[in-house]
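Survey of secondary and tertiary structure
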Amino acid sequence: MIRRTTAAKGLALAAVLSLGLAACASSDGGSGESSEGGGGSTEPLKIGTILPVTGTLAFLGPPEIAGVGLAVDDINAAGGVLGNDVTVEAGDSGDSTDLSVAKSTATDLISKGVSVVIGAASSAVTLGVVDTFEEAGVMEISPANTAQDLSGYGPFFARTAPPDTVQGAAHGSLILDDGHCKIGFLVQNEAYGTGLRDVIEDTVKKGGCEVVYGGKGAGNEFAPGETNFGAQVTELLAQKPDAISIVAFEETVAIVNELVAQGWDFNGTTYFVDGNLSNYGKKFDKGTLEGVQGTLPGAQADDAFREQLTTWYSENESGDLEDFSYSAESYDATVLAALAAIKGGGTDGETISKNIRAVSGANGGTEVKTFEEGAKALEAGDDINYVGKSGIGPLNESNDPTSAFIGIYKYGADNTYTYQRQIEGKIEE
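Cut-offs used in this document
Residues numbered from 1 in each chain as written. Predicted model: local features only at pLDDT ≥ 70, side-chain atom pairs only at ≥ 80, totals over all residues. Heavy atoms only, no water. Pairing = 2+ DSSP bridges. Helix = DSSP H or I, 4+ residues; strand = E, 2+ residues; numbered from the N terminus. Axes fitted to C-alpha atoms, helices over the stretch in contact; angles between N-to-C directions. Contact = heavy atoms within 4.5 Å. Salt bridge = Lys/Arg side-chain N within 4 Å of Asp/Glu carboxyl O. Buried < 20%, exposed > 50% of the residue type's maximum accessible area, 1.4 Å probe, protein only. 1 Å grid on protein atoms, 1.4 Å probe; cavity = no way out; pocket = protein on both sides within 12 Å on 5 of 7 lines; lining within 4 Å. Points joined across faces, edges and corners; volume = space filled by probe spheres on them. Nonpolar A, V, L, I, M, F, W, Y, C, P; charged D, E, K, R; others polar. Lys, Arg positive; Asp, Glu negative; His and termini not counted. Polar contact = N/O pair within 3.5 Å; in protein donor to acceptor, adjacent residues only side chain to side chain. Expected span 1.5 Å × (residues − 1). Arc of directions from axis to C-beta.

This brings us to the sheet that holds strand β3 (residues 87–92). If you trace the 5 strands from one edge of the open sheet to the other, you get β3-β2-β4-β5-β6, paired in parallel fashion. The open sheet has two free edges, formed respectively by β3 and β6 (157–159), since each of these has just one partner strand. Mean inter-strand twist for the sheet, computed between neighbouring axes without regard to direction, equals 25 degrees. Of the pairings in the sheet, the one linking strand β2 (residues 46–51) to β3 comprises 6 bridges and is parallel in character. Looking at the pairing, Lys46 lines up with Thr87 of β3. Along the sheet, helix α4 (residues 123–135) makes contact with β2, β4 (116–119), β5 (139–142) and β6, crossing β5 at roughly 155 degrees.

Our next topic: the pattern of salt bridges. The final tally for this structure, using the stated rule, is 11 salt bridges. Linking Lys354 and Glu350 is a salt bridge whose minimum nitrogen-to-oxygen distance equals 3.0 Å. Remark: Glu350 and Lys354 occur in helix α11 (residues 349–362); sequence separation between them is 4 residues, near one turn of the helix. For Lys354, a relative accessible area of 29% puts it in the partly exposed group. Take Glu350: its relative accessible area is 42%, and that puts it in the partly exposed class. Measuring nitrogen to oxygen at the nearest pair gives 3.6 Å for the salt bridge that ties Glu424 to Lys426.

Bringing unusual backbone geometry into the picture now. Note: most peptide bonds trans; most residues except glycine with negative phi. In this model, Gly119 is joined to Ala120 through a cis peptide bond whose omega is -5 degrees. Locating Ala120 in the fold gives a position in the loop between β4 and α4. The phi angle at Asn399 is positive, at roughly 60 degrees, despite the residue not being glycine. Assignment of secondary structure puts Asn399 in the loop between β13 (384–386) and β14 (403–411). The phi angle at Asn415 is positive, at roughly 65 degrees, despite the residue not being glycine. Summarising the element assignment, Asn415 is placed in the loop between β14 and β15 (417–428).

Let's shift gears to the layout of surface pockets. Put simply, the second largest pocket is a space of about 170 Å³. Considering the residues around the second largest pocket, the lining is formed by Thr49, Leu51, Ile65, Val68, Gly69, Val72, Asp73, Val88, Ala90, Trp312, Asn316 and Glu317. No other element matches helix α2 (residues 61–77), which puts 5 residues into the lining of the second largest pocket. Looking at the lining of the second largest pocket, its residues break down into 7 nonpolar, 3 polar and 2 charged.

Further remarks concern the side chain of Arg357. The topology assignment puts Arg357 in helix α11. It turns out Arg357 is buried and unbridged, and the closest side chain with the opposite charge, Glu397, is 5.1 Å from it. Only 2.9 Å separates the side chain of Arg357 from the backbone oxygen of Asn396, close enough to count as a polar contact.

Quick look at empty space enclosed by the protein now. Under the counting rule described, the total for this entry stands at 4 cavities of 30 Å³ or more. Each pocket or cavity is described by its volume, and for the largest cavity that value is around 110 Å³. Mapped onto the lining of the largest cavity, the elements with two or more residues apiece are β11 (293–297) and α10 (327–344). Examining the composition of the lining of the largest cavity, we find that 3 residues originate from one element, α10, more than from any other. Residue composition of the lining of the largest cavity, by class: 9 nonpolar, 4 polar and 2 charged.

In regular strands, side chains alternate between the two faces of the sheet. In terms of residue burial, β11 counts as a mostly covered element, since 5 of its 5 residues are buried. Of the strand pairs in this sheet, strand β10 (residues 270–272) and β11 are connected by 2 bridges, and their pairing is parallel. The residue of β11 that forms the bridge with Tyr271 is Gln293. Sheet topology note: the β11/β14 ladder contains 5 bridges and is antiparallel. Bridging across to β14, Gln293 finds its partner in Lys410.

As a further point, take helix α9 (residues 303–317). A rise of 1.5 Å per residue sets the reference length of α9, with its 15 residues, at 21 Å; its end C-alpha atoms lie 20 Å apart and thus fit the reference within 8%. For α9, the complete set of buried residues consists of Phe305, Leu309, Trp312 and Tyr313. Along the axis of α9, the buried positions cluster into a sector of 95 degrees, meaning they face one direction only. The exposed residues of α9 that point more than 90 degrees off its buried face are Asp303, Ala304, Glu307 and Glu315. Of the surrounding secondary structure, the elements contacted by the buried residues of α9 are α2 and α10. With a side-chain oxygen lying 3.3 Å from the backbone nitrogen of Ala304, the N-terminal cap of α9 falls on Asp302. A positive backbone phi angle near 55 degrees is found at Ser318, which sits one or two residues after α9.

Set out below in structure tokens:
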């Protein structure tokens, strides 16, 4: 394995700790400086979800659904929004292999009168429905979208997950700091996959190392939903990489099986991203994924929050919650929407759109950690800075978090992952 210089390591670390992003402003100017609205609807706030119940990202559905549900319960226990309980209309996003699922859900949610939707998990799915929601005046807040194409997309889209510049730099630095310098990629060909790959690749090259397969311009990305990876794995391994980064969703199961069949040693050489960081358990033979590492945007959920999520899911969805990816971001997206409605004095999408930056802390203000604290401060006429479960910074003019934590996780012999540490990345405009 080729070792890089100390200077190269320092460069990669700097890429994680201070990240520049040329972000374009949203079309409403994104001032977030004062309460806007007052003439909007004061009907009970109705939230829709467009989260993956089916498709290649279905493993992300349960924690995101639990995050929204728990947040709504907490909001209603604290008095609701503008004197009324919040309600939820649930919908399936499917995945990017069949956008008709998400488009049908979007139409259904709009017909049911939602003013804000939480989702989608897939950036490509959001790109297929975000215009539909905006045209209907519905605010969309994604807890998991990371594609750079969505930065500053418009005033009716925001997210509580950071853009790929943050995770990509952390992921690339992780690979380099492990001493790898010949990197191969297996990447799905859509906005999330190629966008994240591009940032990882840039970080690797800035660290003085090379991409030997699957890089930008090579043209060997795979289509979402692909199941046969024999030829790609053969071509990849022929380049003798010392590390492989897999940027995919559910396709990862087929990829791993093919790598096993062709003799790849995963321990300390293989890296997952948020799209495939899942507890695979008995899907693979014991020890298959031991030593594999992965990156996941978002602060590590503490034990008390995990317990609340698990209890909520068991009581409301009649199942066991095994993953917690993006649960905190889903919780925070829901709370931000509710606080924005209170600040603007209306539950319509436009009012939420105009006030979401302000309640996220864009103007500074009183730091609050719960919906209840935020609602009381707003009712007292204070500006607020909601510091939620995910640990993100205030939204910028592109409606992206200005900072976020990236968790580093590692798989054990049981093919499940555990938290190792986290790195904070910042987005500078």
